[in-house]
Amino acid sequence: MFTGIIEAVGKISALTPKGADVAVTVDSGTLDLTDVKLGDSIATNGVCLTVVKLTGKGYVADLSLETLNRTAFANYKAGQVVNLEKAMLATTRFGGHMVSGHVDAVAEVIERQHVGRAIEFWIKVPPQLAKYISEKGSVAVDGISLTVNAVRGDEFKLTIVPHTAAETTMADFSVGRKINLEVDVIARYLERLMLGDKAAEKQPQVTMDLLARTGFLG
């Protein structure tokens, strides 16, 4: 589990094919790895990766076909800059929100503009995820815990303050960029829970949209 508060910015130094999978080598920059051991998790641009080797300058992790199919890693090349966060401890200050590191989909930056000292982005999500995005709710974008400031259909707005832009990769986001999106994990669990016994069916007929229309969710 993670908080979405980025600890360092690193860089992918190599992507090495391993049969049908890929091994990624990350130069972890200023991230403190002294307490990291093999098998630990590090969120890399929002993707929970397991450390399989420590290199002295960073770490190596394996990318499964599932990860490549579900995340923006499929488009990454050596030199890609990435946000890094180690798995949280019981004593970690919880400054963001609950982030699992399990990416729901790849979204796209469709607008960028400066508003005062901040940067505003509009992000387009796959239509099936729009129901999980709510104004003033939380999302993780490339592993960064962010607040949704407006919603219009399957698009939402983010307002990035100078500190966030300076401490993450977001200053480099441009229109057309593909990003890893994780919706609020509580919303995902709630949807599944509300299915009740129907969750065991192969094609559940009850959805959050239906529950909302019938007034079950208030």
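Residues numbered from 1 in each chain as written. Predicted model: local features only at pLDDT ≥ 70, side-chain atom pairs only at ≥ 80, totals over all residues. Heavy atoms only, no water.

Under an unreviewed UniProt entry, the chain has the name Riboflavin synthase and belongs to Photobacterium aquimaris. According to UniProt, the comment filed for the chain under the heading Pathway (unreviewed entry) is "Cofactor biosynthesis; riboflavin biosynthesis; riboflavin from 2-hydroxy-3-oxobutyl phosphate and 5-amino-6-(D-ribitylamino)uracil: step 2/2." The record held by UniProt for the chain lists under Catalytic activity (unreviewed entry) the comment "2 6,7-dimethyl-8-(1-D-ribityl)lumazine + H(+) = 5-amino-6-(D-ribitylamino)uracil + riboflavin". (UniProt positions renumbered as here; feature names shortened; annotations may be inferred.)

This paragraph deals with the pattern of salt bridges. One pass over the full model with this rule turns up 15 salt bridges. When the shortest N-O distance is used, the salt bridge between Lys57 and Asp27 registers 4.0 Å. With Lys57 in the loop between β4 (47-54) and β5 (58-63) and Asp27 in strand β2 (residues 21-27), the pair connects residues that are 30 residues apart, well separated along the chain. Judged by its relative accessible area of 59%, Lys57 is exposed. (Salt bridge = Lys/Arg side-chain N within 4 Å of Asp/Glu carboxyl O. Helix = DSSP H or I, 4+ residues; strand = E, 2+ residues; numbered from the N terminus. Buried < 20%, exposed > 50% of the residue type's maximum accessible area, 1.4 Å probe, protein only.)

Turning to the packing of aromatic side chains, a few remarks are in order. All told, the structure shown has two aromatic pairs when counted by the stated rule. Considering the side-chain rings of Phe73 and Tyr76, the 4.7 Å spacing of their centres and the 55° angle between planes classify their relative orientation as tilted. Phe73 gets classed as buried once you look at its relative accessible area, which sits at 2%. Residue classification places Tyr76 among the buried residues on the basis of a relative accessible area of 8%. For the pair Phe121 and Phe173, a centre-to-centre distance of 5.9 Å together with 65° between the ring planes defines the contact as edge-to-face. Linking Phe121 in strand β8 (residues 118-124) with Phe173 in the loop between α2 (162-167) and β13 (178-182), this pair joins segments that are 52 residues apart in sequence. Residue Phe173 is classed as buried on the basis of its relative accessible area of 1%. (Phe/Tyr/Trp six-rings, centres within 6.5 Å; stacked < 30°, edge-to-face > 60°.)

Taken from the UniProt record, the annotation "domain: Lumazine-binding" (unreviewed entry) applies to residues 1-97 and 98-194. End-to-end, the C-alpha atoms of residues 1-97 are 10 Å apart, and along that stretch the chain is 6% helix and 43% strand. The annotated region residues 98-194 carries 16% helix and 41% strand content, and the separation between its end C-alpha atoms amounts to 20 Å.

Take the sheet that holds β5 next. If you trace the six strands once around the closed barrel, you get β1-β2-β5-β4-β3-β6, paired in antiparallel fashion. Recorded for the sheet is a direction-independent mean angle of 45° between the axes of neighbouring strands. (Pairing = 2+ DSSP bridges. Axes fitted to C-alpha atoms, helices over the stretch in contact; angles between N-to-C directions.)

This part covers the nonpolar core. In summary, soluble globular proteins display a tendency toward joint burial of nonpolar side chains. Among the nonpolar cores identified, the biggest contains 25 residues, and Val139, Val141, Phe156 and Leu158 are the most heavily contacted of them. Elements represented by at least two residues in this core include exactly β7 (105-115), β8, β9 (138-141), β10 (144-147), β12 (155-160) and β13. Those residues within four positions of Val141 in sequence are excluded, and the remaining contacts are Leu146, Phe156, Leu158, Phe173, Ile179, Asn180 and Leu181. Ala8, Ala61, Ala72 and Leu84 belong to the second-largest nonpolar core, a separate cluster that totals 22 residues. (Core = buried A, V, L, I, M, F, W, Y, C linked by side-chain atoms within 4.5 Å. Contact = heavy atoms within 4.5 Å.)

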